[in-house]
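Structural features, examined
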Amino acid sequence: MNKPNSTNRGGAPSAVARKGAASSEPLLAELRQLIEQARQSAAAAVNAGLTLMYWRIGQRIRTEVLGGQRAGYGEEIVASLSRQLAADYGRGFEEKNLRRMMQFAEVFPSEEIVVSLIRQLSWTHFLVLLPVRDALARDFYAQMCQLEAWSVRTLRERVNSLLYERTALSHRPEAAIRQELGGLNRPHLTEAAVLLKDPYVLDFLGLQDRHLEKDLEDAILRELEAFLLELGAGFSFVARQRRIQLDGDDFYIDLLFYNRKLRRLVVIELKLGEFRAEYKGQMELYLRWLARHDQEPGDAPPMGIILCTGKKQEQIELLELDKSGIHVAEYLTVLPPREVFERKIHEALQSARARLQSRPGASTD
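Residues numbered from 1 in each chain as written. Predicted model: local features only at pLDDT ≥ 70, side-chain atom pairs only at ≥ 80, totals over all residues. Heavy atoms only, no water.

Right, let's talk about helix H11 (residues 213-222) for a bit. Those residues of H11 that fall on the buried side of the exposure criterion are Leu216, Glu217, Ala219 and Ile220. The buried residues of H11 occupy an angular sector of 165 degrees when projected down its axis, which confines them to one face. Exposed side chains of H11 directed beyond 90 degrees from the buried face belong to Lys214 and Arg222. In this fold, the buried residues of H11 make contact with helix H12 (224-231), strand E2 (235-246), strand E3 (249-259), strand E4 (264-270) and strand E6 (326-332). (Buried < 20%, exposed > 50% of the residue type's maximum accessible area, 1.4 Å probe, protein only. Helix = DSSP H or I, 4+ residues; strand = E, 2+ residues; numbered from the N terminus. Arc of directions from axis to C-beta. Contact = heavy atoms within 4.5 Å.)

In this section: the pattern of salt bridges. The final tally for this structure, using the stated rule, is 20 salt bridges. Of the charged contacts in the structure, one is a salt bridge between arginine 153 and glutamate 157, with a shortest N-O distance of 3.4 Å. One end of the pair is arginine 153 and the other is glutamate 157, both in helix H7 (residues 152-160) and four residues apart, which spans about a single turn. A residue is classified by how much of its surface remains accessible, and arginine 153, at 63% relative accessible area, is exposed. Its salt-bridge partner being arginine 263, residue aspartate 299 comes within 3.9 Å of it at the nearest N-O pair. Of this pair, aspartate 299 sits in the loop between helix H13 (278-293) and strand E5 (303-308) while arginine 263 sits in the loop between E3 and E4; the two residues are 36 residues apart in sequence, bridging distant segments of the chain. Overall, the relative accessible area of 44% leaves arginine 263 in the partly exposed class. Residues joined in a network through salt bridges with shared partners are Lys214, Glu217, Asp218 and Arg240. (Salt bridge = Lys/Arg side-chain N within 4 Å of Asp/Glu carboxyl O.)

With that settled, consider the nonpolar core. Phe104, Phe108, Phe126, Phe140, Tyr141 and Leu155 are the most contacted members of the largest nonpolar core, which totals 44 residues. Top element by residues in this core is helix H6 (residues 135-148). It accounts for seven residues. Excluding residues that lie within four positions of it along the chain, phenylalanine 140 makes contacts with Leu163, Tyr164, Thr167, Leu169, Leu181 and Val194. Counting 24 residues, the second largest nonpolar core, distinct from the first, contains Leu207, Val266, Ile305 and Tyr331. (Core = buried A, V, L, I, M, F, W, Y, C linked by side-chain atoms within 4.5 Å.)

Peptide bonds are mostly trans, and most non-glycine residues show a negative phi. Here aspartate 198 and proline 199 are connected by a cis peptide whose omega angle stands at 0 degrees. If you trace the backbone, proline 199 turns up in the loop between helix H10 (192-195) and strand E1 (200-201). Backbone geometry places alanine 149, a non-glycine residue, at a positive phi of 50 degrees. One can find alanine 149 in the loop between H6 and H7. When its relative accessible area of 63% is taken as the criterion, alanine 149 is described as exposed. Even without a glycine there, the phi angle at glutamate 320 is positive, about 50 degrees. With respect to the secondary-structure elements, glutamate 320 resides in the loop between helix H14 (313-319) and E6. The exposure class of glutamate 320 is partly exposed, given its relative accessible area of 38%.

Structural data, given as structure tokens:
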């Protein structure tokens, strides 16, 4: 009797061989997953070890340099160490890299904090964070990298777009900012202030200087993915021109979203021109209708974002919109030169903090 063969006379796999290959596919997929997970874990462990080593090298050199009494001692020792280490271990230990390690240890002085961050942040993440001069901004970006698993490219884009300075959080007193940042890594404590921005940069919409509200709405839906990224983490699109009826009258919500982190519906109203006081009543009507008819058990009350091309700050403050869950922000369809943009953002930030400090009973922390 002939023995069964795994191939036929033409060299193609036999039915038995094909059946065996098919039955092994689930096992093969599982083994591949195990291999990939092990590789990723090993790479992460190597990255964490290297980053901690860089911090310890920087810390040790800083201790030695700061302990030196002679002027120029620091320059001499760093140059000497870099020559010897680069000769032994390669270009990664050239003088400019040793100075980055020293800066790393200076900017992040606590080894405990570094150890907690290197679980998610690579050395390249830290290189992006080092030039950020504001300690609160740097802490914000580091925390968000952990929470949202930002890539280095995403982190760089967020820093370059002044994300922290545009958040509502950055307008709070320093003590309040530190308290909120301290709670970011605890589950279910994300506040709207971390996600809300002002202004929103919508230069990706490609709109001309003169456009209608419908043009803005159409462009947002056309570039929905980019718009969701600008809104922030956790947003998902629900509806456009959502129709509601009250007393026989029809009303239409421009854009309706849901944020899974905040666990609440978010209404976005698009306005050409500056903010007007009557926008508050319109938004409150929408929010209360949604709270009565669409809010799910366990969700927070709906909130609203009014996007305008200009703000009237005194009116906004007197209307106490934040108590109604309403956030007013400007939007930019054309991004100005970076220097102009930075100046505009920092002026707005200083103005907001000055207003907070001038309020009766305001803390000076």
